[in-house]
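This is what each chain is made of:
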Amino acid sequence: MQFVQMKNMNKSIIDIKTWKRKDHYYFFKEFEQPFFGVNTALNCTDAYHYCKANHIPFFLFYLHKSLKAIQQIKEFKYRIERDLVFEYQQISGSVTVLRDDETFGFAYFEYYEDFSLFMKQTKIAINAVKMEKGLTMRPELKNIIHYTVLPGIQFSSMQHAYSTSGQDYIPKIAFGKFNFREEEVLLPLSIHVHHALCDGLHLAQYIDCYQQEMDIKK
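In this text, all values refer to a predicted model and were calculated from it rather than measured experimentally.

So, how was this worked out
Think of each chain on its own: its residues are numbered from 1, step by step along the sequence as written. Per-residue local features are limited, in this predicted model, to residues with pLDDT of at least 70; the limit for side-chain atom pairs, both in listing and counting, is 80 or more; totals at the level of whole chains, interfaces and linings are taken over all residues. Processing note: side-chain calculations cover all non-hydrogen atoms of the structure and skip hydrogens and water entirely. Each helix is a run of DSSP H or I of at least 4 residues and each strand a run of E of at least 2, with the numbering of both proceeding from the N terminus. Each helix should span, by expectation, one fewer than its residue count multiplied by 1.5 Å. Using a 1.4 Å probe on the protein chains alone, a residue whose accessible area is under 20% of its type maximum counts as buried, one over 50% counts as exposed, and one in between counts as partly exposed. Comment: arc refers to directions from the helix axis out to C-beta atoms. Note on contacts: a residue pair qualifies if any of its non-hydrogen atoms lie within 4.5 Å across the two residues. Definition of a polar contact: a pair of N or O atoms within 3.5 Å, with one able to donate and the other able to accept a hydrogen when the atoms are protein atoms, and with sequence-neighbouring residues admitted only if both atoms are side-chain atoms. We treat two strands as partners when DSSP finds at least two bridges between them. The axes used here are C-alpha line fits, helices contributing only the stretch in contact, and every angle between their N-to-C directions lies in the interval 0 to 180 degrees. pLDDT: the predictor's confidence for each residue, scored from 0 to 100. Only residues whose relative accessible area exceeds 30% and that take part in no salt bridge are eligible for patches, with like-charged residues grouped when within 9 Å of each other and nonpolar side chains (Val, Leu, Ile, Met, Phe, Trp, Tyr) grouped when within 5 Å. For the area figures, the Shrake-Rupley method with a 1.4 Å probe applies, and any residue is considered shielded solely by the protein chains shown. We define a salt bridge as a contact between a side-chain nitrogen of Lys or Arg and a carboxyl oxygen of Asp or Glu at a distance within 4 Å. To qualify as a nonpolar core, a set must consist of buried Ala, Val, Leu, Ile, Met, Phe, Trp, Tyr and Cys residues joined through side-chain atoms within 4.5 Å.

Mind laying out helix α4 (residues 115–130), listing which residues take part and the relevant values?
Taking 1.5 Å as the rise per residue, α4 with 16 residues should run 22 Å; its terminal C-alpha atoms sit 22 Å apart, in good agreement. For α4, the set of buried residues is F115, F118, M119, T122, A125, I126 and V129. The buried residues of α4 all sit within an arc of 135° when viewed along its axis, so they share a single face. Along its buried surface, α4 packs onto α3 (58–70), β5 (92–98) and β6 (104–109). Looking at where α4 begins, the residue whose side-chain oxygen comes 3.3 Å from the main-chain nitrogen of S116 is D114.

Rendered as C-alpha cells:
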C-alpha cells in the first residue's frame, strides 16, 4: 500500500501552567476511561438534495464538511504527546472501510479545503484499502479524527471500543443510516472526545459549526 502523506504536521505546544483548563486536564487525564460522548442527528436535507442534484457522493461530502468544521474548533485539534499538550494546525482523518469479504480496514486521508481535491484523494485511499486484507495501522499519526460509518443502523446511542493503556487521545466520530422523516433527511451522529482536552461546550460548538457547513444556501 502507498501511504497517504500527512503534509501538515505543524503543531504548537500548549503551556499547561497558564492554561485555563489546567485543573480539568490533570483531573480527567488520570481517569481509566476518560472519553465521553454525545449522540445527536444532523439535519442534512439541503446537503443531501444538493449532492443528488450535482452527482456528488454524499458520504464524501459530509465527511469533508465534518473535517472543515473540525478545523474551526481548536479543542478538537489538541493532542497529548509524552505528557505535553500540542495543538495541530490541521486535522485529517481515518475511516473504516467495508470490504467485499465483510472485513474492514482503515483508510487514511488528508484534509484539503478544496472539495474536489479532497474527493479525488480520499477515493484513492478508500479504494486502496478495499483491495487489501487485514488491518494497516498508523499509530504515528496524531493529527487525525477516527471516523466510523454504520450505514445500516439508525442509532440513537453508540459506544466505541477503547484501549485501557491510556494512550488514546484522538476524537472519534461515527455516522449512522439516514433517517428520512417527512421532508427531512437526518444523519445519526456520535462524537466521543477525551475529557482532559475537550468539554461539552466544545462538542456543542462543533455540532453547531458542522450543521452550518451542511446548510447549503440556495
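Don't stop here, the text continues.
Help me get a handle on the sheet that holds strand β4 (residues 84–88), residues and values and all.
Spatially, β1-β4-β3 is the arrangement adopted by the 3 strands of the open sheet, whose pairing is antiparallel. Looking at which strands have only one partner, the edges of the open sheet turn out to be β1 (11–13) and β3 (78–81). Neighbour to neighbour, the strand axes of the sheet diverge by 35° on average, direction disregarded. As paired strands, β3 and β4 are joined by 4 bridges and run antiparallel to one another.

Give me the lowdown on helix α5 (residues 200–214), citing residues and values where you can.
A rise of 1.5 Å per residue sets the reference length of α5, with its 15 residues, at 21 Å; its end C-alpha atoms lie 21 Å apart and thus fit the reference within 8%. Buried residues of α5: H202, L203, Y206, I207, C209, Y210, Q211, E213 and M214, and no others. Summarising the contacts, the buried residues of α5 are in contact with β2 (35–43), α2 (45–53), α3, β8 (172–175) and β10 (184–194).

Give me the lowdown on the environment of Q212, citing residues and values where you can.
Positionally, Q212 belongs in helix α5. Between the alpha carbons of Q212 and A69 there is a distance of 8.8 Å; along the sequence they are 143 residues apart.

Break down the confidence of the model for the protein chain for me, citing the residues and quoting the values.
Per-chain confidence: the protein chain averages 92 in pLDDT, with 94% of residues scoring 70 or above. Mean pLDDT in the protein chain bottoms out at strand β9 (residues 179–181), which sits at 90, and peaks at α3, which reaches 98. Low confidence marks residues 1–5, where pLDDT is under 50. Its contacts with residues over four positions away, or in another chain, come to 11 contacts.

How would you explain the pairing of β5 if you had to name every residue and give the values?
Burial analysis of β5 places 6 of its 7 residues in the buried class, the great majority of the element. Pairing of β5 with β6, which is carried by 6 bridges, proceeds in the antiparallel orientation. Bridge pairing links G93 to F109 in β6. Following β5, the chain reverses through 5 residues before pairing antiparallel with β6; E102 in that reversal takes a positive phi of roughly 70°.

So what's going on with a nonpolar patch on the surface? Residues and values would help.
Side chains of L98, F104, L135 and M137 sit close together on the surface and give an oily, nonpolar patch of about 430 Å² of accessible area. Mapped onto the fold, F104 is located in strand β6.

Mind laying out the nonpolar core, listing which residues take part and the relevant values?
Core analysis: the biggest nonpolar cluster contains 46 residues, and Y147 and Y206 have the highest contact counts within it. Broken down by element, the residue count for this core peaks at 8 residues, all from α3. Excluding residues within four positions of it along the chain, Y147 makes contact with L63, S66, L67, I70, S94, V95, T96, F109, I173 and F175.

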